[in-house]
Amino acid sequence: MAENKRIDEKTGTQTVGHEWDGIEELDTPMPRWWLVTFYATIVFAIGYCIAYPAWPLVSRATAGVLGWTSHGDLDREMKGEQVRRRPIMRALAVTPIESLPANPQLLAAAEEGGRSAFKVHCAACHGAGAAGSKGYPNLNDDDWLWGGTLTDIQQTLIHGIRQPGDDDTRQSQMPAFGRDGVLTPEQVQDAVSYVRYISHQEGGSQSAMRGRELFAANCAVCHGEKGEGNRTVGAPRLNDSIWLYGGDRDSLTDTITNAHGGIMPAWGKQLDPLTIKMLAAYVHSLGGGESSAPVNVGDTSGKPAAAPGATGK
Amino acid sequence: MSHPNDLVSPPRLFEARRKIFPKAVTGPFRRFKWATLALTLLVYYVTPWVRWDRGPYAPDQAVLVDLAHRRFYMFSIEIWPHEFYYVAGLLVMAAIGLFLVTSAVGRAWCGYACPQTVWTDLFQHVERWIEGDRNAQIRLEKSRWTLNKVARRTAKHAAWIAIGMVTGGAWIFYFADAPALARAFVHGEAPLVAYATVAVLTWTTYLLGGLMREQVCQFMCPWPRIQAAMMDERSLTVTYRFWRGEPRTRGLKRAKVDHPVPERLDAATSLLQLAERPAVADRLVGDCIDCNACVAVCPTGIDIREGPQIGCITCGLCIDACDDTMRRIGRPTKLIGYTTELDARAEHAGAAAMPPLKRLLRPRMLAYLAIWSALGLFMLVSLGTRTHLGISVNQTRNPLWVRLSDGTIRNTYQVKIRNMEARPRLVEVSIAGAPGILWDEHGERTGAGRSVRLRVEPDKVAKAQMFVAADAAGAPRADMTFTVRALDAEGGEATDTSFFERPEVAQ
């Protein structure tokens, strides 16, 4: 067909050499501006391939003479962000945790930092909303095993609970009364009845009356005469509505028979003091944080005392 | 037009621009244009420098678009981002106002008030000032590149760029404190975006006002197209009274002999007929002496005698030019004048024109006016009665509820309180609708009541975590409201709804 190419006499343009029923097609050249743009894109592409990562190789692409990477961009932005936050981070680092409430701005920054860190380090056990689950305490409520002030929480975070190898860890162990034969299964049931009695879940049955003596002899040394708990040994309060392992008969039977002792890692070994401080501030802000250790743990009936909004944490 | 099969000389897609050299003119419309030019430029340049005292907590600039802090100040009105519908309403009002003006007096916006017109006008004055009037400009255009031409052209473009810089320079003052920004700008300490804005606006002003001019109106602006739909036979437009002007005579007016133009002489046909019968032409002469003054002064370079057209911005300068000519040859003025299509037809037929009031008070105008005023009134009332206090309550969803030691259930809420006043306010947040006690992050549950008080910083949104505790027995989900009330003399309150949630089965 190519031999049919000819110069069209009217336009002076070459034809492409095709012919259908007498209709021919002109081989009109591309417009100049189009060609210039086209060649410009080629030149640009060559320059781009030299300057930037372009050719995929086995493990990574060619580097490009500018050395640009998206990771590099991210690093730069992160560094910039760190520089921006440095003053407040420095202030946070030198401020003792108990002084944070006096500085609302620092406290707010610490809480926000803690909120992020919590999602990374704590949410796996305590849940994203810090509501916990069986065996993992709810951090929103007003019941604390080891103390709910900022310093208490920080101490628990640094050294953990029953963390092997940490001398300052929160340490205690409830005896397995049933499994170790300290109490017979019947006695365990009596103790369960008494615990449910003092937590207002059951009436005063004969079993509970028998359990009262067992409780005084075996449990009160840690859990207190009235079951008000003891924070120095992390003995939970038993006369309230909050149960770490459940407050029903079956769960209580299991707890008294086999005993529980949850473990929390000593985060002081893994996280920097600043992060731990921020985590403590965040956990404290969830609603149950205490401004000071309560004098009388047993009484939370709530009598009107100070004007609302007047007291600081 | 070439024959479709003629491939040798295909028609060009674009016509090259014919450069326009508008001649200076004097007259009432020119004076009116001077006045609008002065007024609009004055408003544009002076507005950012007007001060308005708003107290110690807000800027004292009368008109300020504070993008950084997301506030828009306009004299006594302060708009927050959530109230952007006021700005939208203002834009709708501007659009309907344009409809109203257009259907009443035609393209008055295009002719007098449009920034493109104002700046082009300014640029043309500068051009005449440096290069001389129309004829001098044409001569200079045609002349070789002499030192004189180089000097004048350089001066002209320099002046244009200077105007462009001043234009862009004024723009940035609407977005920051004008005196402070001016100081920083001169000392090279202003933000980069300020310099970039000035640079971009300098370029666009120079390009649009200096180089593109009428092409913007004819090819870029959508408004002339929209206006075609806005105008009707009762809208004012610049009209050449062809029934008076035709047939034109070139040179000296030979119509001293009072030969009235016969009725029913159409512009299109008459010229042809007259050309065929030159003997008659001597006697039948119109007022137009074809002096071309109307074309020479036109800023868009059109010939109004060809009838209404999209290039006509109805600036009225051809009226001034024609009136001048008519006065000189002793003929009545307003051969070119503002008239409506209806009036033109009536005048052509020898009937009386419609009284202006009747023309203006037509249903279309009244409808536009009604919509425009209703919108304006609604915005004024709503601006005047809007509350300067707001509350937004967001219930914490994880966890929904928390059981406390004594068995009660606690919910947590993120509460935002908006203080739109430029002063700190003491407010009280209270709950209603469901039983329970309320306290916030700074308070204690012990002693909590149904409300808490807090101080909200001026012109800020205060964020607070609040807790509500209530008995475990009750509906799994109870409606409740949070109300914020200002505890100062001005008062005012706002309410938001939320829920109190409990475990499904109370243990």
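Thresholds, definitions, all that
- Residues numbered from 1 in each chain as written.
- Chains lettered and ligands numbered in written order.
- Predicted model: local features only at pLDDT ≥ 70, side-chain atom pairs only at ≥ 80, totals over all residues.
- Helix = DSSP H or I, 4+ residues; strand = E, 2+ residues; numbered from the N terminus.
- Rg over C-alpha atoms; globule rule 2.2 N^0.38 Å.
- Buried ≥ 20, exposed ≤ 12 C-beta atoms within 10 Å, placed from the backbone.
- Contact = placed C-beta atoms within 7 Å.
- pLDDT = per-residue confidence, 0-100.
- Pairing = 2+ DSSP bridges.
- Domains from an automatic or database assignment.
- Nonpolar A, V, L, I, M, F, W, Y, C, P; charged D, E, K, R; others polar.
- Axes fitted to C-alpha atoms, helices over the stretch in contact; angles between N-to-C directions.
- Parallel < 35°, antiparallel > 145°, perpendicular 65-115°, else oblique.
- Left-handed = near helix turned anticlockwise from the far one by under 90°.
- Core = buried A, V, L, I, M, F, W, Y, C linked by C-beta atoms within 7 Å.
- Expected span 1.5 Å × (residues − 1).
- UniProt positions renumbered as here; feature names shortened; annotations may be inferred.

Let us now look at the overall build of chain A. What chain A contains, in helices and strands, is ten helices and two strands. Mapped from its N terminus to its C terminus, chain A presents α and β elements in the order β-β-α-α-α-α-α-α-α-α-α-α. A globule of 313 residues ought to have a C-alpha radius of gyration of about 20 Å, yet chain A, at 36 Å, is considerably larger. Along the first, second and third principal axes, the C-alpha atoms of chain A reach 120 × 50 × 45 Å. Looking at the 313 residues of chain A, the share that counts as buried comes to 28%. Sequence-distant contacts in chain A: of pairs separated by 6 or more residues, those separated by 24 or more amount to 54%.

This next bit is on the confidence of the model for chain B. Residue and element names in this part refer to chain B. On average, residues of chain B score 86 in pLDDT, and 91% of them reach the 70 mark or higher. Considering only residues more than four positions removed or in separate chains, one finds that residues 255-264, a stretch of pLDDT under 50, has nine contacts. Between residues 274-282, whose pLDDT stays under 50, and residues either more than four places distant or in other chains, the model counts five contacts. Among the scores for the predicted complex, ipTM is 0.78 and pTM is 0.71.

Residues and elements named next belong to chain B. Inspection of the sheet shows strand S1 (residues 63-66) paired to strand S2 (residues 71-74) by four bridges, in the antiparallel sense. Looking across to S2, one finds that Leu64 is bridged to Tyr73. Two successive antiparallel strands, S2 and strand S3 (residues 77-79), enclose a turn made up of two residues, where Phe75 displays a positive phi of approximately 50°.

So, about the domain arrangement of chain A. For an interface, size is often stated in terms of accessible area lost upon the parts coming together. All names here are of chain A. Taken domain by domain, chain A consists of domain 1 (73-161 + 265-285) and domain 2 (185-258). Of note, the centres of domain 1 and domain 2, computed from C-alpha atoms alone, are 33 Å apart. Across the contact, nine residues belong to domain 1 and nine residues belong to domain 2. Taken together, the residues that form the side of domain 1 that touches domain 2 break down as four nonpolar, two polar and three charged.

All names here are of chain B. Axis separation between helix H4 (residues 115-131) and helix H6 (residues 147-172) bottoms out at 9 Å; the angle between their running directions is 150°. Here H4 lies roughly antiparallel to H6, going by the angle between them. The crossing of H4 and H6 is right-handed. Only Arg152, Ala155, Lys156, Ala159, Trp160 and Ile163 of H6 make contact with H4, whose side of the interface consists of Leu122, Phe123, Val126, Glu127, Ile130 and Glu131. Taken together, the residues that form the contact of H4 with H6 break down as eight nonpolar, no polar and four charged.

All names here are of chain B. Read across the open sheet, the three strands follow the order S1-S2-S3; overall the sheet is antiparallel. Of all the strands in the sheet, the pair left with one neighbour each is S1 and S3. Here the strands of the sheet are splayed against their neighbours by 10° on average, with no regard to which way each runs. Of the pairings in the sheet, the one linking S2 to S3 comprises three bridges and is antiparallel in character. When the sheet's bridge partners are listed, Met74 is paired in S3 with Ile77.

To continue, consider the nonpolar core. Residue and element names in this part refer to chain B. Among the nonpolar cores identified, the biggest contains 35 residues, and Cys294, Val297, Leu317, Cys318, Ala321, Cys322 and Ile336 are the most heavily contacted of them. Sorting the residues of this core by element identifies helix H3 (108-113), H4, strand S4 (237-240), helix H11 (242-245), helix H14 (293-297) and helix H15 (317-329) as the ones contributing at least two each. Here this core takes six residues from H15, the largest share from any one element. Excluding anything up to four places from it in sequence, Leu317 contacts Val25, Phe29, Arg30, Val297, Cys298 and Pro299. Ala448, Leu454, Phe467 and Val484 belong to the second-largest nonpolar core, a separate cluster that totals 31 residues.

So, about the pairing of strand S9 (residues 425-432) of chain B. Consecutive side chains along a regular strand alternate between the two faces of the sheet. All names here are of chain B. Burial along S9 is one-sided: Arg425, Val427, Val429 and Ile431 are buried, while Leu426, Glu428, Ser430 and Ala432, pointing the other way, are not. Across six bridges, the pairing between S9 and strand S11 (residues 451-456) is antiparallel. Within S11, the residue paired with Glu428 across the bridge is Arg453. One ladder, built from six bridges, connects S9 with strand S13 (residues 477-486); its direction is antiparallel. Paired with Ser430 across the bridge in S13 is Thr483.

The next thing to look at is helix H10 (residues 273-285) of chain A. Residues and elements named next belong to chain A. The terminal C-alpha atoms of H10, which comprises 13 residues, lie 18 Å apart, in line with the 18 Å expected from a rise of 1.5 Å per residue. Burial analysis of H10 places ten of its 13 residues in the buried class, the great majority of the element. Taken residue by residue, H10 has Ile276, Lys277, Met278, Leu279, Ala280, Ala281, Tyr282, Val283, His284 and Ser285 as its buried positions. Where the residues of H10 are buried, they touch helix H2 (70-94), helix H3 (104-121) and helix H5 (150-159). At the C-terminal side of H10, Gly287 shows a positive phi close to 130°.

A few words now on H5 of chain A. Residue and element names in this part refer to chain A. For H5, the tally of buried residues reaches nine of ten residues, placing the bulk of the element in the interior. Every buried residue of H5 is listed here: Leu150, Asp152, Ile153, Gln154, Gln155, Thr156, Leu157, Ile158 and His159. Those residues of H5 that are buried are in contact with H10. Positive backbone phi, at 75°, marks Gly160, one or two positions downstream of H5.

Attention now goes to the UniProt feature "transmembrane region" (unreviewed entry) in chain A. Those places that UniProt annotates as "transmembrane region" (unreviewed entry) correspond, in this numbering, to residues 33-55 of chain A. The distance from the first to the last C-alpha atom of residues 33-55 of chain A is 30 Å, and the span holds 83% helix and 0% strand.

All names here are of chain A. Under the local residue numbering, the UniProt record ascribes the feature "binding site: heme c 2" (unreviewed entry) to Met174, Cys219, Cys222 and His223. Considering the C-alpha atoms alone, the annotated residues occupy 50 residues of sequence yet fold into one spot, their largest mutual distance being 10.3 Å. Relative to the elements of secondary structure, Cys222 occurs in helix H8 (residues 220-223). When you line up the elements, His223 lands in helix H8.

All names here are of chain B. Spatially, S11-S9-S13-S14 is the arrangement adopted by the four strands of the open sheet, whose pairing is antiparallel. In the strand order of this sheet, the two ends are held by S11 and strand S14 (493-501), each with one partner. For this sheet, the mean angle separating the axes of adjacent strands, direction not counted, is 25°.

Residues and elements named next belong to chain A. On average, chain A scores 89 in pLDDT, and the residues at 70 or more come to 93%. For chain A, strand S1 (residues 15-20) is the element with the lowest average pLDDT, namely 88, and helix H1 (residues 32-51) is the one with the highest, namely 96. Here residues 296-313 is modelled with pLDDT under 50, and outside its nearest four sequence neighbours on either side it reaches 37 contacts, counting other chains as well.

With that settled, the discussion passes to the packing of helix H2 (residues 85-105) of chain B against helix H18 (residues 363-385) of chain B. Residues and elements named next belong to chain B. Where H2 contacts H18, the two axes come as close as 9 Å, and the packing angle between them is 155°. The orientation of H2 relative to H18 falls into the category roughly antiparallel. Like other packed secondary-structure pairs, H2 and H18 cross with a definite hand, here left-handed. Between H2 and H18, the contacting residues are Tyr86, Gly89, Val92, Met93, Ile96, Gly97, Phe99, Leu100, Ser103 and Ala104 on the first element and Arg364, Met365, Tyr368, Leu369, Ile371, Trp372, Leu375, Gly376, Met379 and Leu383 on the second. Each residue belonging to the contact of H2 with H18 can be placed in one class, and the counts come to 15 nonpolar, four polar and one charged.

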